[in-house]
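Okay, here's what each chain looks like letter by letter:
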Amino acid sequence: MEKQRILEGIRVIDMTQYLAGPTVTRMMAEMGADIIKIEQAPGGDPSRQYAIVNDAGRSGYFVQQNRGKKSLCLDFDHPKGKDILLRLLSSADVFVENYGPGVMERRGLHWDSMKKLNPRLIMASISGFGRDSSMSDRPAFDMIAQAFSGSMHMTGDPEGPPMPVGQSIADVMTGVHAVTAIGYSLFHRERTGQGQFVDIAMVDSLFHSQELAVQGPSLTGMKWKPKRSGHRSRINSPLGAFKGPEGWIVIQCMDAQWPRFTEAIGQPELLTDPRFSNLIGRTKNREELNLIIEKWMEGFETDQAILEILADARVPSGPVLAPYDAIGHPYFESRGAIREINDPLLGALHIPGDPLHFSDFPDPLDLVAPTLGQHNENILESLGFTTEEINQLDESDVIMSAET
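Description of the structure in this document. Note that the coordinates shown come from a computational prediction; the quantities given were computed from them, not determined experimentally.

1. Considering the pattern of salt bridges
And step 1. A full pass over the atoms with the stated rule returns 18 salt bridges.
And step 2. Salt-bridge contacts for R58 lead to D343; the nearest nitrogen and oxygen are separated by 2.8 Å. Of the two residues, R58 is situated in the loop between strand 2 (34-40) and helix 2 (60-66) and D343 in strand 10 (residues 338-343); the sequence distance between them amounts to 285 residues. The residues R58 and D343 share a single accessibility class, namely buried.
And step 3. With a closest N to O distance of 2.7 Å, R275 and E288 form a salt bridge. Taken as a pair, R275 in the loop between helix 10 (258-264) and helix 11 (279-284) and E288 in helix 12 (residues 286-297) lie far apart in primary sequence, 13 residues in all.
And step 4. Taken together, the shared-partner salt bridges in this structure form one network comprising R11, D34 and K70.

As structure tokens, then:
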């Protein structure tokens, strides 16, 4: 008999779109939660039309983020639509939303109303600047959060413009932070019986990762301020990307690895060289050290030969891979970090796997993303609606589906 999944029996009302919010419910679906995705009629989640879309109008972007969810396409601005939504929320465990500023408040779906409707409900709100802040009225997307959090300031060439990370890191990090908060809120509810409001901001989630760039200036009275360092570190050496014979190789050598590194590159004399004898010297003379490393790498025909030597010496290193290099790669395959799924409309495609691993659940669930309004009838029947009532809702466009 298969064990009950960690979130099995937990019903989540998902009023999210694009990426930050759907990341939350995607991860919860992987843990077995019952996700009802409320999509605003008539079009639903805008990411349904986001790249890459096949001839059948199916978006790979949408599929990746919404597998395992049920779709109820509902005009929740219609009185009957709002009534359906409130009936669902009255018995739900979790409510997740990531609409723009004021959207929930204008519809009476804010926390003050929700906690009266369902005192056990956990409501998680995902936004750029938080629901309770001096900038709560401002809309934001991923790159805005990257800019405001200081992440862009710290990324790019020292003499060039600030650069965004080449992926939606603010959206995903915010989603992961929200999953953590919801999980502990469920734990708190088990002990107290009370739900609560979870306010997660994209800017906060990224800013939380600043490990040195805030406390460093604070401790030095702003005498030391971090700068963009490009592909090599300014505060440690050797640390950065080095050009190998085929591609780029990253080396991060801390104090403990330095003796082994000098042996690995066949230059143990560097260990006693006064320029490189300690971290301060290696950082001060990093350009000279970088040239020594690059010269050593020029003696090889393949990147793999270099990586094997460094691995044997237990020096942290790795190739700079393109994301699609994960397909078929032994590491990503062994971790389930890359998954091949079969979508009814897209066919076979690869997506990133679930990063959470549990010993009791070694095998991932076989999940499928819904078509628009696919579960309208099933969800409404569970609320006690008759077939005739459902048909009337359909005819009056309170509910819609891909077939209507």
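2. Remarks on empty space enclosed by the protein
And step 1. Counted according to the given criterion, the structure contains 1 cavity of 30 Å³ or more.
And step 2. In this structure, the largest cavity spans a volume of roughly 30 Å³.
And step 3. Split into classes, the residues belonging to the lining of the largest cavity amount to 2 nonpolar, 4 polar and 2 charged.

3. Remarks on the nonpolar core
And step 1. Formed by 29 residues in total, the largest nonpolar core has its most connected members in I38 and I84.
And step 2. Listed by contribution, the elements that provide at least two residues to this core are strand 1 (11-15), strand 2, strand 3 (69-74), helix 3 (79-90), helix 4 (103-106), helix 5 (111-117), helix 15 (376-382) and helix 16 (387-395).
And step 3. Considering every element that reaches this core, the biggest residue donor is helix 3, with 4 residues.
And step 4. Ignoring sequence-local partners within four residues, the contact set of I38 consists of I13, D14, M15, L72, L74, F76, L85 and L88.
And step 5. Within the second largest apolar cluster, 24 residues are counted, among which are V12, M31, A124 and I200.

4. Looking at the pairing of strand 3
And step 1. Of all 6 residues making up strand 3, 5 are buried, and the element is well covered by its neighbours.
And step 2. Two strands pair when backbone bridges link them, and strand 2 and strand 3 are joined in this way by 6 bridges, in the parallel orientation. By the bridge assignment, I35 is partnered in strand 3 with K69.
And step 3. Read as a crossover between parallel neighbours, the route from strand 2 over helix 2 to strand 3 is right-handed.
And step 4. Pairing of strand 3 with strand 12 (residues 399-400) involves 2 bridges; the strand directions are antiparallel. Its bridge partner lying in strand 12, L74 is registered against I399.

Conventions we followed
- Residues numbered from 1 in each chain as written.
- Predicted model: local features only at pLDDT ≥ 70, side-chain atom pairs only at ≥ 80, totals over all residues.
- Heavy atoms only, no water.
- Salt bridge = Lys/Arg side-chain N within 4 Å of Asp/Glu carboxyl O.
- Helix = DSSP H or I, 4+ residues; strand = E, 2+ residues; numbered from the N terminus.
- Buried < 20%, exposed > 50% of the residue type's maximum accessible area, 1.4 Å probe, protein only.
- 1 Å grid on protein atoms, 1.4 Å probe; cavity = no way out; pocket = protein on both sides within 12 Å on 5 of 7 lines; lining within 4 Å.
- Points joined across faces, edges and corners; volume = space filled by probe spheres on them.
- Nonpolar A, V, L, I, M, F, W, Y, C, P; charged D, E, K, R; others polar.
- Core = buried A, V, L, I, M, F, W, Y, C linked by side-chain atoms within 4.5 Å.
- Contact = heavy atoms within 4.5 Å.
- Pairing = 2+ DSSP bridges.
- Right-handed = clockwise from strand over helix to strand, strands pointing away.

Any functional reading would require information that these geometric values do not contain.
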